[in-house]
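Below, each chain spelled out in residue letters.
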Amino acid sequence: MSQALVRIAAGWLLGLMLAVAAAIVAVNLVNNTVASPQQPVREYLDALHDGDGGKALGILRAAVPPGNAAMLDGTALKTASSRLANVNLGDAEERSGNQVVVPVEYTIDGSRLRTEFLLEKTGTEWLFFNTWAFVPSRLPTLDITVVNSSEATVNGVAVNMPSGRNSFAVFYPGEYEASLNGEYFAAPATRATVTSRDVPVAPLNLLTQATKDLKDDVAAKVREFLDGCAADAVKQQKLQPDCPFYFASNNVVKDGTIKWTVTAYPEVSIEPFDGRWVVSPLDGKAKVEALQQNSFTGAWFPLSAEVDFSFTTRLDVAGDTIKVTPLLTY
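A brief look at the structure comes next. Just so you know, the residues in each chain are numbered from 1, in the order the chain's sequence is written. This being a predicted model, a pLDDT of at least 70 is required before a residue's local features are given, and a value of 80 or more before pairs of side-chain atoms are given or counted; all residues contribute to the totals for chains, interfaces and linings. For the side-chain quantities, the full set of heavy atoms in the structure was used; hydrogens and water were omitted.

**Description of the layout of surface pockets**
For step 1, the next point in the chain: Approximately 260 Å³ is the volume found for the largest pocket.
For step 2, the next point in the chain: Cavities and pockets are found on a 1 Å grid laid over the protein atoms alone: a cavity is a set of points where a 1.4 Å probe fits but cannot escape, a pocket is an open set with protein on both sides within 12 Å along at least five of seven lines, and a lining residue has an atom within 4 Å of such a point. Lining the largest pocket are 13 residues, with Ser149, Glu151, Phe185, Val317 and Gly319 positioned closest to its centre. Grid points are joined across faces, edges and corners, and a volume is the space filled by probe spheres set on the points.

Pasting the structure below:
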């Protein structure tokens, strides 16, 4: 064989070797990027970020447990995922049975957290490229309770709370915030971070309280009742009217001189009790003024006395309507 042919053959062989090496590099590059086990995890996290629950569920290959599905799509899901920051996918860690764990590290509210996803090799494409998928699992649930309310807000979405409780299927990782922001009743926001399907999530308990608007409206109705009662007592000229306050005297009181005024209105406190809302006993002061006659001397002299009083009420709230019913005992 001539030297020219040898040089040509050597050139072809070198080119073939370089092509094979390049092909191997390309296959390894693809298997470490778009065909890597991290790729399904990236797609899953992207679906969460977009609020696309259907896509996320398909990628995760997860069953949905019984419960409310309000957190599995749209605004609620996007909000849960938006609280993740500094997200970093780690190298796959091999497990038995063609399975790997892909760790994801991130921060929520400044805390460094970690979620591990279990994936399995499902085959190859075009003879060389690996295919990976999540090992089928089941979504976790988040239980939420709220005192004396049949509704709440979770991640910006209004949800029903039958008998003050509900259970929500949720994706992970994510953070879920529950609150109650009504005109008359509200509960401070409380949060739960879900990092895994295997780690139990502590329930969120909303401690509902009466708002200032409700207390002010109840106080206004109490004042209206007491002022009306005092006015009726003056009109009827009674020392012992059908009111929470009264005055007892053994002297003769001159008709037309009796005057009642409320000098200290009760402070309103509203608390939950036995599945309803109750107004604590209402304590106040009233003043009676009149002219009275001494039964021994017959002389007239002024009566001016301040009396303490206390009474209870029944509170009924329906939507934006409240009713305060005084409960008087004589």
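Resuming the write-up.
**A look at the packing of helix H2 (residues 38-50) against helix H3 (residues 53-60)**
For step 1, the next point in the chain: Angles here are taken between N-to-C directions and fall from 0 to 180 degrees, while the axes themselves are lines fitted to C-alpha atoms, restricted in helices to the stretch in contact. Only DSSP runs of H or I covering at least 4 residues are called helices, and only runs of E covering at least 2 are called strands; the numbering of each starts at the N terminus. Put simply, H2 and H3 touch, their axes get as near as 8 Å, and they point 155° apart. The pairing of H2 with H3 is recorded here as roughly antiparallel in orientation. Every pair of crossing elements has a handedness; the one defined by H2 and H3 is left-handed. Between H2 and H3, the contacting residues are Pro40, Glu43, Tyr44, Ala47 and Leu48 on the first element and Lys55, Ala56, Ile59 and Leu60 on the second. Geometric relationships in this document are graded by angle, where less than 35 degrees denotes roughly parallel, more than 145 denotes roughly antiparallel, 65 to 115 denotes roughly perpendicular, and other angles denote oblique. Handedness of a crossing is defined here by the sense of rotation of the near helix relative to the far one, left-handed for an anticlockwise turn of less than a right angle and right-handed for a clockwise turn. Contacts were defined at the residue level, with two residues in contact if any of their heavy atoms lie within 4.5 Å.

**Considerations on the nonpolar core**
For step 1, the next point in the chain: In this structure, Tyr44, Phe171, Val218, Phe245, Trp260 and Ile270 are the most contacted members of the largest nonpolar core, which totals 80 residues.
For step 2, the next point in the chain: The element best represented in this core is helix H5 (residues 212-236), accounting for seven residues. Here, nonpolar core refers to any group of buried Ala, Val, Leu, Ile, Met, Phe, Trp, Tyr and Cys residues whose side-chain atoms link them within 4.5 Å. Exposure is judged per residue with a 1.4 Å probe applied to protein chains only, and the accessible area is read against the type maximum: over 50% gives exposed, under 20% gives buried, and values in between give partly exposed.

**Observations regarding the sheet that holds strand E13 (residues 185-194)**
For step 1, the next point in the chain: Spatially, E10-E9-E12-E13-E15 is the arrangement adopted by the five strands of the open sheet, whose pairing is antiparallel. Because the sheet does not close on itself, it has two edges, and the strands there are strand E10 (157-160) and strand E15 (209-210).
For step 2, the next point in the chain: Pairing between strands is defined by DSSP: at least two bridges between the two strands are required. Two elements, strand E9 (residues 151-154) and strand E12 (residues 174-181), share two bridges in a ladder whose sense is antiparallel. When the bridges of E12 are listed, Val154 appears paired with Ala178.
For step 3, the next point in the chain: Of the strands in this sheet, E10 and E12 are in contact with helix H4 (residues 74-82), which crosses E12 at around 120°.

**Let's talk about H4**
For step 1, the next point in the chain: Inspection of H4 places Ala76, Leu77, Thr79, Ala80 and Ser81 among the buried residues, and these make up the whole buried set.
For step 2, the next point in the chain: Against H2, H3, E10 and E12 lie the buried residues of H4.

**Focus: the sheet that holds strand E11 (residues 165-169)**
As a general point, the strands of a sheet are linked pairwise by backbone hydrogen bonds and lie either parallel or antiparallel.
For step 1, the next point in the chain: Taking strand neighbours across the sheet as the criterion, the three strands line up as E11-E8-E14 in an open arrangement whose pairing is mixed. The strands lining the two open edges of the sheet, one partner per strand, are E11 and strand E14 (204-206). Going across the sheet, the axis of each strand differs from the next one's by a mean of 20°, ignoring polarity.
For step 2, the next point in the chain: Taken together, the five bridges between strand E8 (residues 141-146) and E11 define a ladder with antiparallel strand orientation. Residue pairing across strands places Asp143 opposite Ser167, the latter belonging to E11.

**Here's the deal with the packing of H2 against H4**
Describing two packed helices takes the angle between their axes plus the distance from one axis to the other.
For step 1, the next point in the chain: Across the interface, H2 lies against H4 with an axial gap of 6 Å and an inter-helix angle of 120°. By the angle class used here, H2 and H4 are oblique. Between H2 and H4, the contacting residues are Leu45, Leu48, His49 and Asp50 on the first element and Leu77, Lys78 and Ser81 on the second.
For step 2, the next point in the chain: Here the nonpolar group is Ala, Val, Leu, Ile, Met, Phe, Trp, Tyr, Cys and Pro; Asp, Glu, Lys and Arg are the charged ones; every other residue, Gly included, is treated as polar. Class assignment of the residues belonging to the contact of H2 with H4 gives a composition of three nonpolar, two polar and two charged.

**Notes on the packing of aromatic side chains**
For step 1, the next point in the chain: Think of it this way: a Phe, Tyr or Trp ring, Trp meaning its six-membered ring, pairs with another when their centres are within 6.5 Å, and the plane angle makes it stacked under 30 degrees, edge-to-face over 60, tilted otherwise. The full count for this structure, using the stated rule, is ten aromatic pairs.
For step 2, the next point in the chain: Relative to Phe311, the ring of Phe225 has its centre 5.7 Å away and its plane inclined at 50°; by these criteria the two rings are tilted. With Phe225 in helix H5 and Phe311 in strand E21 (residues 300-318), this residue pair connects regions lying 86 residues apart in the sequence.
For step 3, the next point in the chain: Aromatic rings pair up to connect Tyr44, Phe117, Phe134, Phe171 and Tyr172 into one cluster.
For step 4, the next point in the chain: To sit over a ring, a charge needs its Lys NZ or Arg CZ within 6 Å of the ring centre and within 35 degrees of the ring normal. The positively charged end of Arg223 is found above the aromatic ring belonging to Tyr265, 3.8 Å away from the centroid.

**Quick word on the pairing of strand E22 (residues 321-327)**
For step 1, the next point in the chain: When E21 meets E22, the two strands line up antiparallel, connected through seven bridges. Bridging from a neighbouring strand, Thr312 pairs with Leu327 of E22.

**So, the environment of Ala152**
For step 1, the next point in the chain: Residue position: Ala152 is located in strand E9.
For step 2, the next point in the chain: For Ala152, a relative accessible area of 4% corresponds to the buried category.
For step 3, the next point in the chain: Here the alpha-carbon distance between Ala152 and Ala187, two residues 35 residues apart in the chain, equals 9.0 Å.
For step 4, the next point in the chain: Ignoring anything within four residues of it in the chain, the contact list for Ala152 reads Val157, Ala158, Val159, Met161, Ser179, Leu180 and Leu206.

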